[in-house]
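Residue-level structure breakdown
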Amino acid sequence: TQTYETKITVGLDPRSPFTAAERQEQFDAAMAVRAMFGDMTDLVTRIQGVRTGATRASASLPEGDAMKAQLLALSDSADAVRKQIVATKEGGAITGEERLREHMDGLYGGIMDYEGRPTATLIAYTDVLRRELGDISASFDALCAKDVKAVNAALKSKGLPEITGWN
C-alpha cells in the first residue's frame, strides 16, 4: 500500500566496447530495414487486392466468358509478382525456399545481433534488397498500369465493380 520513489540513471553498459555513434549507426540501419518491411507489406497488400478483386470478379461471370479468363490471368500475374516477395511452398521453413521477405528477415537479424556499427557488407546488402524491392514494385506498377486498367475498363463496360486498392 506504500509508494516509494527514487531516481535511477539509465545508461549504456560501461563494459561495452561500442560507442554511442556506433550504436546509432546500428539503430539507423535497423530502422532502414524496418522501413523496407513496411514498404514490402504495403506492396503485398496491394498485390493481394488485385488478386482478390480479380478472383472475386471472375466468380460472377459464366464459364467460357472471355472476361473471366482475362481476370484469372490477371490474378495469376499478380500472384507471380507476390511470389517474388514471399515464400509460398507448402511446408513452411523446412522447404528452404527464400524470397525477398526471408532475405530481409536475415538482414534484420544480422543487424540486430550486434550492438555496434553494422558491417559494410550488411549496409551493401540493405541497398541490394532495397533495389530488389523497388524493381518488384515497379513490375507490379507496370502490371497495374496496363492490365488492371484494361480489366477495370472492361468491368465497367459490363456494369461490374472495378478492382480497387491497387494504387
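Right above here is the structure, for reference.
Residues numbered from 1 in each chain as written. Predicted model: local features only at pLDDT ≥ 70, side-chain atom pairs only at ≥ 80, totals over all residues. Heavy atoms only, no water.

Some thoughts on the overall build of the protein
Counted only if it meets this: The helix and strand labels rest on DSSP assignments: H or I over at least four residues marks a helix, E over at least two residues marks a strand, and numbering proceeds from the N terminus. Think of it in three bands: residues with accessible area under 20% of the maximum for their type are buried, residues over 50% are exposed, and the middle band is partly exposed, with areas taken using a 1.4 Å probe on protein chains only.
Within the protein, the secondary structure is distributed over four helices and zero strands. Counted from the first residue to the last, the protein has its helices and strands arranged as α-α-α-α. Seen through its C-alpha atoms, the protein measures out along the principal axes to roughly 75 × 50 × 30 Å. Relative to its full complement of 167 residues, the protein shows a buried share of 32%.

Some thoughts on the packing of helix 3 (residues 100-112) against helix 4 (residues 120-157)
Basically, it comes down to this: Between N-to-C directions, angles span 0 to 180 degrees; the directions come from axes that are lines fitted to C-alpha atoms, helices contributing only their stretch in contact. For classification purposes, an angle smaller than 35 degrees is called roughly parallel, one larger than 145 roughly antiparallel, one from 65 to 115 roughly perpendicular, and anything else oblique. By definition, turning the near helix anticlockwise from the far helix through less than a right angle yields a left-handed crossing, and turning it clockwise yields a right-handed one. Whether two residues are in contact is decided by their heavy atoms, any of which lying within 4.5 Å being enough.
Running from amino to carboxyl end, helix 3 crosses helix 4 at an angle of 155°, the nearest separation of the two axes being 11 Å. One element, helix 3, and the other, helix 4, form an angle in the roughly antiparallel class. Remark: the crossing between helix 3 and helix 4 carries left-handed chirality. Contacts between helix 3 and helix 4 involve L100, H103, M104, L107, G110 and I111 on the former and, on the latter, L122, Y125, T126, L129, E132, L133 and I136.

As for helix 2 (residues 66-82)
Quick reminder: α-helices carry 3.6 residues per turn. Residues three or four places apart thus point the same way. Selection rule: Each helix should span, by expectation, one fewer than its residue count multiplied by 1.5 Å. In this description, one arc is meant: the one made by directions from the helix axis to the C-beta atoms. A 3.5 Å cut-off defines polar contacts: any pair of N or O atoms within that distance qualifies, except that in protein one atom must be a possible hydrogen donor and the other a possible acceptor, and neighbouring residues in sequence count only when both atoms are side-chain atoms.
Here helix 2 is 17 residues long and its end C-alpha atoms lie 25 Å apart, about the 24 Å a rise of 1.5 Å per residue gives. Listed as buried for helix 2 are M67, K68, L71, L74, S75, A78, D79, V81 and R82. The buried residues of helix 2 all sit within an arc of 155° when viewed along its axis, so they share a single face. The exposed set on the far side of helix 2, more than 90 degrees from its buried face, consists of A66 and D76. Those residues of helix 2 that are buried lie in contact with helix 1 (20-59) and helix 4. In this structure D65 caps helix 2, since a side-chain oxygen of it lies 2.7 Å from the backbone nitrogen of M67.

Some words on the nonpolar core
Where we set the bar: Among buried residues, the Ala, Val, Leu, Ile, Met, Phe, Trp, Tyr and Cys ones that are joined through side-chain atoms within 4.5 Å form a nonpolar core.
The biggest cluster of nonpolar side chains holds 36 residues, and the ones touching the most others in it are V50, L71, L74, I85, F140 and I163. Elements supplying a minimum of two residues to this core: helix 1, helix 2, helix 3 and helix 4. Among residues more than four places away in sequence, those in contact with I163 are G49, V50, G53, A54, L71, L74, V151, N152 and L155.

So, the environment of A150
Within the secondary structure layout, A150 lies in helix 4. Sequence-wise, A150 and R34 are 116 residues apart; in three dimensions their C-alpha atoms are separated by 35 Å.

A word on the packing of helix 1 against helix 2
Inclusion rule: Note that Gly is not counted as nonpolar here; it falls among the polar residues with everything else outside the nonpolar set of Ala, Val, Leu, Ile, Met, Phe, Trp, Tyr, Cys and Pro and the charged set of Asp, Glu, Lys and Arg.
Taken N-terminus to C-terminus, the directions of helix 1 and helix 2 make an angle of 160°; their axes are 8 Å apart at the nearest point. Between helix 1 and helix 2, the angle falls in the class roughly antiparallel. Where helix 1 crosses over helix 2, the handedness of that crossing is left-handed. On the side of helix 1, the interface is formed by I47, Q48, V50, R51, A54, T55, A57, S58 and A59, while helix 2 contributes K68, L71, L72, L74, S75, A78, D79, V81 and R82. Class assignment of the residues belonging to the contact of helix 1 with helix 2 gives a composition of 10 nonpolar, four polar and four charged.

Observations regarding helix 3
The terminal C-alpha atoms of helix 3 lie 18 Å apart, and with 13 residues this matches the ideal 18 Å at 1.5 Å per residue to within 8%. Packed against the buried residues of helix 3 are helix 1 and helix 4.

Side note on the pattern of salt bridges
Keep this limit in mind: Definition used for salt bridges: Asp or Glu carboxyl oxygen within 4 Å of a side-chain nitrogen of Lys or Arg.
A complete count under the given rule lists 13 salt bridges for this structure. Across the salt bridge formed by R82 and D79, the nearest N and O atoms sit 2.8 Å from each other. Taken together, the residues R82 and D79, both in helix 2 and three residues apart, mark about one turn of the helix. Across the pair R99 and E97 runs a salt bridge, and its minimum N-O distance is 3.2 Å.

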